[in-house]
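# What the coordinates show
Residues per chain are reported as follows:
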Amino acid sequence: MDSTEGGLKVLLVDDGPENLQVLGQLLRPRGYALTAATNGAQALAYVQQHRPDLVLLDLMMPDIDGLEVCRRMRQLPHMGQVPILFLSARSDQDSINSGLEAGGDDYVTKPFNARELLNRVEKHLERAQAIFDLDLRNHEYRELLHVLSHDLANPLGTIISFTELIGGEPELGPELIEKIARLADNSLELIDLIRRMRFLDEKGIEVGPVNLREVILEALDISRTRLVAKELTVELEGGSEDFWVLAEHSSLIYSVLSNLLTNAIKFSHPGGVIHLSLSSQAEEAVVLLADQGIGMTPNLMSDLFDITKRTSRVGTAGEQGTGFGMPLVKKFMAAYGGKVAVRSKDQPHFPESHGTQVELHFRACNCPQQALG
């Protein structure tokens, strides 16, 4: 059994080495990562440990025939949605029906037409990817609903308790009303974050030329009050140059840059420095945001973009948060065709060099006049 590195993983199962060679010559130029099994036992051993994206399965093999291999594969939970295409010299209807009844998704007769086989492989991979994406999204939404129900129950319960206290002790009214307002704001922020995630998943986003320098200055202006309150200084490098990138103006300000600035402020010590820089590299523009705050542990970093995991922490001045900011940043950057990278050193382990650095990589746009069209 051999494997080649590449993209989507295709398992080839055939007891004829010449057939495996032909399939390899056909599929390898398309960028697929190929793994070959020369009998049913090898194929079953492989799928016990791995999940291929598609299986091309010979029907007639000496030890375990393709029908039985397919049935056993379908019994594995992670193989339930993996496309299985039978390849066989048998072209009678009974053989075709048996293959489909055993759990196969398609049946191609030998000798096969190369173009037809490639088209079928591509179509089944597209369908399988769509099902996988849908399942993943449904799982994320179930987790979001669970987290939302839990996280809203706490502030709403506290709000009810505070209103009861106000009725019994009116002198506490002004202080409790301020706390109620803060709890309500946090609850609305959580709902708004999830609303924006749903909108992005369902409607998508239209990108166009955006002046990166201008949106950064706008985001800094929005964060000005919090920066001043915590006596933080922002050092901006490259802010005098125009960098045109492909993005969407409002979401870049409010869902990406403001989120990152909020985190930097939240986890910086009062009187600290936040460094911001803009630069260009080849066909992309890069924003670097670095703070000298408390940083993150490796365990926290591993869950940073996982929407189903809670990464919310209290800030250095007691600030609260939802924990969904970074998954939202990643979603929007991916929608722009860009990417986000994060490095961090936590304060307990790096007392002299702690802090977090976030890099945003955008696709550069060299024609600012396009923004007017």
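Shown above is the structure to which this text applies.
What this report covers is the structure whose coordinates are included nearby. (Residues numbered from 1 in each chain as written. Predicted model: local features only at pLDDT ≥ 70, side-chain atom pairs only at ≥ 80, totals over all residues. Heavy atoms only, no water.)

## Let's talk about the packing of helix H7 (residues 212-222) against helix H9 (residues 249-267)
The interhelical angle for the contact between H7 and H9, taken along N-to-C directions, is 55 degrees, at an axis separation of 9 Å. On the basis of the axis angle, H7 is oblique to H9. The element H7 and its partner H9 pack so that their crossing is right-handed. Only His249, Leu252, Ile253, Tyr254, Leu257, Ser258 and Leu261 of H9 make contact with H7, whose side of the interface consists of Leu212, Val215, Ile216, Glu218, Ala219, Leu220 and Ile222. (Axes fitted to C-alpha atoms, helices over the stretch in contact; angles between N-to-C directions. Helix = DSSP H or I, 4+ residues; strand = E, 2+ residues; numbered from the N terminus. Parallel < 35°, antiparallel > 145°, perpendicular 65-115°, else oblique. Left-handed = near helix turned anticlockwise from the far one by under 90°. Contact = heavy atoms within 4.5 Å.)

## Observations regarding the sheet that holds strand S4 (residues 84-88)
With respect to topology, five strands assemble into an open sheet ordered S2-S1-S3-S4-S5, the strand pairing being parallel. Both edges of this open sheet fall to strand S2 (33-37) and strand S5 (106-109), since each of them pairs with a single strand only. On average, each strand axis in the sheet is inclined to that of its neighbour by 20 degrees, with strand direction left out of account. Looking at chain direction, strand S1 (residues 9-13) and strand S3 (residues 54-58) are connected through four bridges and run parallel. Directly across from Val13, in S3, lies its bridge partner Leu57. Packed on one face of the sheet, helix H1 (residues 17-27) meets S1, S2, S3 and S4 and runs near 160 degrees to S1. (Pairing = 2+ DSSP bridges.)

## Points about H9
For H9, with 19 residues, the first-to-last C-alpha span of 26 Å sits near the 27 Å given by 1.5 Å per residue. Along H9, the helix axis deviates most sharply at Ser258, where the bend reaches about 35 degrees. Among the 19 residues in H9, 14 count as buried, and that is most of the element. (Expected span 1.5 Å × (residues − 1). Bend = angle between axes of the 7 residues up to and from the residue. Buried < 20%, exposed > 50% of the residue type's maximum accessible area, 1.4 Å probe, protein only.)

## Some points on the side chain of Asp291
Among the structural elements, Asp291 can be located in strand S10 (residues 284-291). On the basis of relative accessibility, which here comes to 13%, the residue Asp291 falls in the buried class. Within the local environment of Asp291, its side chain forms a polar contact with the backbone nitrogen of Gly293, the two atoms lying 2.8 Å apart. Setting aside residues no more than four positions away along its own chain, Asp291 makes contact with Ala264, Ser268, Val273, Ile274, His354, Gly355 and Thr356. (Polar contact = N/O pair within 3.5 Å; in protein donor to acceptor, adjacent residues only side chain to side chain.)

## Some words on the pattern of salt bridges
Per the stated rule, a full pass over the model turns up 12 salt bridges. Its salt-bridge partner being Lys110, residue Asp58 comes within 3.3 Å of it at the nearest N-O pair. In this pair, Asp58 sits in strand S3 while Lys110 sits in the loop between S5 and helix H5 (114-168), placing the two residues 52 residues apart along the sequence. The buried category is assigned to Asp58, whose relative accessible area is 5%. For Arg72, the salt bridge goes to Glu68, with nearest N and O atoms at 3.0 Å. Of this pair, Arg72 and Glu68 both sit in helix H3 (residues 66-74), four residues apart, which is roughly one turn of that helix. Judged by its relative accessible area of 35%, Arg72 falls in the partly exposed class. In this structure Glu68 comes out as partly exposed when scored by relative accessible area, which is 27%. Salt bridges here are not isolated pairs; linked through shared partners, they connect Asp14, Asp58 and Lys110. (Salt bridge = Lys/Arg side-chain N within 4 Å of Asp/Glu carboxyl O.)

## Focus on the nonpolar core
By size, the foremost hydrophobic cluster in this structure holds 39 residues, and its most contacted members are Leu212, Leu252, Val256, Leu360 and Phe362. Looking at this core, the elements that each hand over two or more residues are H7, strand S8 (244-247), H9, strand S9 (273-281), S10, helix H11 (325-336), strand S11 (339-345) and strand S12 (355-363). Here this core takes eight residues from H9, the largest share from any one element. Here Leu360 is in contact with Val256, Leu257, Leu260, Ala285, Val286, Val287, Val329, Met333, Lys339 and Val340, once residues within four sequence places are set aside. Counting 24 residues, the second-largest nonpolar core is a separate cluster that includes Val13, Ala37, Ile84 and Ile96. (Core = buried A, V, L, I, M, F, W, Y, C linked by side-chain atoms within 4.5 Å.)

## Some details on the packing of H9 against H11
At their nearest, the axes of H9 and H11 sit 10 Å apart, and the two run at 140 degrees to each other. Between H9 and H11, the crossing angle belongs to the class labelled oblique. Every pair of crossing elements has a handedness; the one defined by H9 and H11 is left-handed. Within the contact between the two elements, H9 uses Ser251, Leu252, Ser255, Val256, Asn259, Leu260 and Asn263 and H11 uses Gly325, Met326, Leu328, Val329, Phe332, Met333 and Tyr336. Here the contact of H9 with H11 is composed, by residue class, of nine nonpolar, five polar and no charged. (Nonpolar A, V, L, I, M, F, W, Y, C, P; charged D, E, K, R; others polar.)

## Some details on the sheet that holds S9
Ordered by their spatial adjacency, five strands build an open sheet running S7-S9-S10-S12-S11, and the pairing between neighbours is mixed. On the outer flanks of this sheet lie strand S7 (233-237) and S11, each paired with one strand and no other. Averaged over all pairs of adjacent strands, the angle between their axes in this sheet comes to 15 degrees, without regard to strand direction. Here S10 pairs with S12 via seven bridges, running antiparallel. Paired with Leu289 across the two strands is Val358, which belongs to S12.

## Observations regarding the pairing of S3
Here is the key point about a regular strand: its side chains alternate between the two faces of the sheet. In terms of residue burial, S3 counts as a mostly covered element, since five of its five residues are buried. On S3, burial covers both faces: Leu54, Leu56 and Asp58 on one face and Val55 and Leu57 on the other are all buried. Pairing of S3 with S4 involves four bridges; the strand directions are parallel. Counterpart to Asp58 in the pairing with S4 is Leu87. Read from S3 through H3 to S4, the crossover connection turns out right-handed. (Right-handed = clockwise from strand over helix to strand, strands pointing away.)

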